[in-house]
Amino acid sequence: MADFAHLFQPFLSFLEMLAPIVVIGAYLRVVEVRSPIDAKMPAKDIITDWMLAITGLGLAALPASITGACAAFIVNAAGGGLIQLRTDGPWYFVSLIALVIVTDLYRYWFHRMQHTIPLLWELHSFHHSAESITFITGARHHWIERVATAAILPVLPILFKIPPSLSATVAVIFLLPDTCSHTNVRLELGRAVTWINNPQWHRIHHSTKLEHRDKNFASVFPLWDFVFGTAWAPKPNEYPPAGLIPSENVGFVEGVIWPFRKYLRRYRTVPSAGPIGSSDPA
């Protein structure tokens, strides 16, 4: 039986990843209902979002052994981590601060690349197709994007040798402002809206208004948006509608095959040929 344990590892990894999302999502759903940005979200959209997010996480977990091996090969070929992050004594906090800053800066620029490079946008646009933004939208990234990023872009492991305890702490730090910035919660933070990523700040990034296009990319610190000229400080009560321009009605099947959805639609709309000799299509 032990010989087959590795076959279940992707499924177990998927459950480990899914459990905290479900728990946090259930709690935040209660908060969203009490003080929503948009109180008229169709229940169908929210259910579809959950289905797409969970399916995407599951599909991305299936080739985990392959993506992990590919990333390990790249990291080892690049030297196995150029800088050793120390965690003994006060060095833990020095390493933690450095890792958070570098990670946030990297994620800012990679996010901008996702909006600039056509191939990356073809995948990332799935995330932006959501018109009903809730907590789970933060996990609604296409599974091909997750696999490709994990397999061929292990940038931080190339730069740093990161102890597991440090990696876990950074993951928690990024969970709150980055993922929770998609919650459908109306927060009035005043000037603090520009200090750390939050639902109103990130809502601008998902906006359908042209003046908001390519604004507010930051994961944790909006400082990067101000430094690199992509900041839009939202006014009080500025919560624009979200989605793509033009809007796309995304069903479950279209979401799973997102980069290839145009071919599916083309197949559905092409009329079938009639019987041989018939002048009219069937």
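These figures come from a predicted structure and were not determined experimentally.

Asks: Can you tell me about the pattern of salt bridges, naming the residues and giving the values?
Replies: A complete count under the given rule lists five salt bridges for this structure. A salt bridge links arginine 140 to aspartate 49; its shortest N-O distance comes to 2.5 Å. In this pair, arginine 140 sits in the loop between α5 (118–128) and α6 (143–152) while aspartate 49 sits in helix α2 (residues 43–61), placing the two residues 91 residues apart along the sequence. According to the relative accessible area criterion, arginine 140 is buried, its value standing at 2%. In this structure, glutamate 248 and arginine 261 form a salt bridge, with 3.0 Å as the shortest nitrogen-oxygen distance. Separated by 13 residues along the polypeptide, glutamate 248 in the loop between α10 (223–227) and α11 (252–256) and arginine 261 in helix α12 (residues 261–269) bring together distant segments of the chain. We classify glutamate 248 as buried; its relative accessible area is 18%.

Asks: Break down the packing of α2 against α6 for me, citing the residues and quoting the values.
Replies: To characterise two packed helices, one gives the angle between the axes of the helices and the distance between these axes. At a closest axis distance of 8 Å, the pairing of α2 and α6 adopts a crossing angle of 35°. Crossing handedness for the pair α2 and α6: right-handed. The residues of α6 that touch α2, namely those facing Gly56, Leu57, Leu59 and Ala60, are Trp143, Arg146 and Val147.

Asks: Explain unusual backbone geometry to me, and be specific about the residues and the numbers.
Replies: Cis peptide bonds are those with omega within 30 degrees of zero, and the linkage from isoleucine 245 to proline 246 qualifies with -5°. Among the structural elements, proline 246 can be located in the loop between α10 and α11. Unlike most non-glycine residues, aspartate 214 shows phi in positive territory, near 60°. Positionally, aspartate 214 belongs in the loop between α9 (199–205) and α10. Given the relative accessible area of 36%, aspartate 214 is considered partly exposed. With phi around 55°, asparagine 216 is a residue other than glycine that occupies positive phi space.

Asks: Got a sec to walk through the side chain of histidine 128? Specific residues and values, please.
Replies: Of note, histidine 128 is situated in helix α5. The exposure class assigned to histidine 128 is buried, which follows from its relative accessible area of 4%.

Asks: Describe the nonpolar core, listing the residues and the values that go with them.
Replies: In terms of nonpolar packing, the biggest core is built from ten residues, these being Leu85, Tyr92, Leu96, Leu99, Val100, Phe160, Leu166, Val170, Phe174 and Val220. Secondary-structure elements contributing two or more residues to this core are α4 (91–116) and α8 (164–179). When residues of this core are assigned to their parent elements, the largest contribution, four residues, is made by α4. If we skip the residues at most four places from it in the chain, leucine 96 touches Leu166, Thr169, Val170 and Ile173.

Rules behind the numbers
- Residues numbered from 1 in each chain as written.
- Predicted model: local features only at pLDDT ≥ 70, side-chain atom pairs only at ≥ 80, totals over all residues.
- Heavy atoms only, no water.
- Salt bridge = Lys/Arg side-chain N within 4 Å of Asp/Glu carboxyl O.
- Helix = DSSP H or I, 4+ residues; strand = E, 2+ residues; numbered from the N terminus.
- Buried < 20%, exposed > 50% of the residue type's maximum accessible area, 1.4 Å probe, protein only.
- Axes fitted to C-alpha atoms, helices over the stretch in contact; angles between N-to-C directions.
- Left-handed = near helix turned anticlockwise from the far one by under 90°.
- Contact = heavy atoms within 4.5 Å.
- Core = buried A, V, L, I, M, F, W, Y, C linked by side-chain atoms within 4.5 Å.

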